[in-house]
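Geometric and topological summary
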Amino acid sequence: RLMGWMTRSWIRKADGVVFIGARMGEHTRLRYGEPARHGVMVTGAKIDEFRAAQAQVPSTCEALDRWIGSRLLITYIGNLGLVHDWSTLADAMPALLGRLGGLDRGVAIVVAASGPGVERLRSAWSDLDPEAVRFLDPLDDPSWGYLQGRSEISIVTLSLSAAEVSVPSKLFSALAAGSAIVAVAPGRSDAAEIVRLDDVGV
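What comes next concerns the included structure. What you see is a predicted model; the values in this text were computed from it and never measured.

What counts and what doesn't
Residues numbered from 1 in each chain as written. Predicted model: local features only at pLDDT ≥ 70, side-chain atom pairs only at ≥ 80, totals over all residues. Heavy atoms only, no water. Buried < 20%, exposed > 50% of the residue type's maximum accessible area, 1.4 Å probe, protein only. Phe/Tyr/Trp six-rings, centres within 6.5 Å; stacked < 30°, edge-to-face > 60°. Helix = DSSP H or I, 4+ residues; strand = E, 2+ residues; numbered from the N terminus. Patch = residues over 30% accessible without salt bridge, like charges linked within 9 Å, V, L, I, M, F, W, Y side chains within 5 Å. Areas by Shrake-Rupley, 256 points an atom, 1.4 Å probe, with all protein chains shown as cover. Salt bridge = Lys/Arg side-chain N within 4 Å of Asp/Glu carboxyl O. Lys, Arg positive; Asp, Glu negative; His and termini not counted. Charge placed at Lys NZ, Arg CZ, Asp CG, Glu CD. Pairing = 2+ DSSP bridges. Axes fitted to C-alpha atoms, helices over the stretch in contact; angles between N-to-C directions. Contact = heavy atoms within 4.5 Å. Parallel < 35°, antiparallel > 145°, perpendicular 65-115°, else oblique. Left-handed = near helix turned anticlockwise from the far one by under 90°. 1 Å grid on protein atoms, 1.4 Å probe; cavity = no way out; pocket = protein on both sides within 12 Å on 5 of 7 lines; lining within 4 Å. Points joined across faces, edges and corners; volume = space filled by probe spheres on them.

With that settled, consider unusual backbone geometry. Its identity as a non-glycine residue notwithstanding, Asp199 has a phi of 55°, on the positive side. Classification of Asp199 by relative accessible area gives exposed; the value is 65%.

Take a look at the structure:
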């Protein structure tokens, strides 16, 4: 209640408020009132950064690149925290692999992430073929850019409770890198709407 009162007070007294995403703006204004002025900041990513990252395999990724080989690469790159739906992702991966033809058809899954969901996901996927799944620590910029650009399918997650208050930046990085998206996200979220309206995944 205190935080709600403070938020309403800040919004009422602010010269202007900038929201990250349209849903966040709608949700906040309905819950806390209309600010004097407001705008929406569009999140994005630079395509050129990923083109440059693909020019050469970073030395830190050489072994990983050999392990992936010619397989279809599915990645989750970035934070896997409280606003991310790791549980649905954990349950859905066997079904996704089934739609792609199974591990025997040459699929590699890389999770390069930090956050409380990583160990839970690792535990939930313990029955998957260890030759098909690899967990990595968070990557430095050259390795991150290379792996993102190498990915054919990028997974983006968002929990139900974060539908109106978060737009995963990894969605825009994956799109800039040319990856198709599997969004494990509420249908009313900005992330789901982008995927749906721009036809960039499922």
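From this point, things continue past the structure.
Take the packing of aromatic side chains next. The final tally for this structure, using the stated rule, is two aromatic pairs. Each ring, one from Phe50 and one from Trp144, has its centre 5.3 Å from the other, and the planes form 55°; the classification is tilted. With Phe50 in helix H3 (residues 47–53) and Trp144 in helix H7 (residues 141–150), this residue pair connects regions lying 94 residues apart in the sequence. On the numbers, 6.2 Å between centres and 50° between planes, the contact of Trp125 with Phe135 is tilted. Residue Trp125 is located in the loop between helix H6 (117–124) and strand S5 (133–136), and its partner Phe135 is located in strand S5; the two are separated by 10 residues in the primary sequence. By relative accessible area, Phe135 is classed as buried at 19%.

This part takes up a positive patch on the surface. Where like charges cluster on the molecular surface, the positive patch consists of Arg8, Arg12, Lys13 and Arg31. Of all the elements, helix H1 (residues 2–13) adds the most residues to the positive patch, at three residues. Tracing the chain through its elements places Lys13 in helix H1. Lys13 gets classed as exposed once you look at its relative accessible area, which sits at 66%.

Strands sit in the order S5-S4-S3-S6-S7 across an open sheet of five strands; the sheet is parallel. Only two strands of the sheet have a single partner each, and these edge strands are S5 and strand S7 (180–184). Neighbour-to-neighbour, the strand axes of this sheet turn through a mean angle of 20°, independent of strand direction. Pairing between strand S4 (residues 107–114) and S5: four bridges, direction parallel. In the strand pairing of S5, Val111 is matched with Phe135. Sitting on the sheet, H7 touches strand S3 (72–79), S4 and strand S6 (153–157), and the angle it makes with S3 is about 140°.

A few words now on the packing of helix H8 (residues 169–176) against helix H9 (residues 190–198). Taken N-terminus to C-terminus, the directions of H8 and H9 make an angle of 25°; their axes are 10 Å apart at the nearest point. Relative to H9, the element H8 is oriented roughly parallel. Our pair here, H8 against H9, has a crossing hand that is right-handed. Facing H8, whose interface residues are Leu171, Phe172 and Leu175, H9 presents Ala191, Ile194 and Val195.

Right, let's get into empty space enclosed by the protein. Under the criterion given, the structure shown has two cavities of 30 Å³ or more. Approximately 40 Å³ is the volume found for the largest cavity. What lines the largest cavity is simply Thr75, Ile77, Gln148, Ser154, Ile155, Val156, Lys170 and Ala174. Looking at the lining of the largest cavity, the elements that each hand over two or more residues are S3, S6 and H8. Examining the composition of the lining of the largest cavity, we find that three residues originate from one element, S6, more than from any other.

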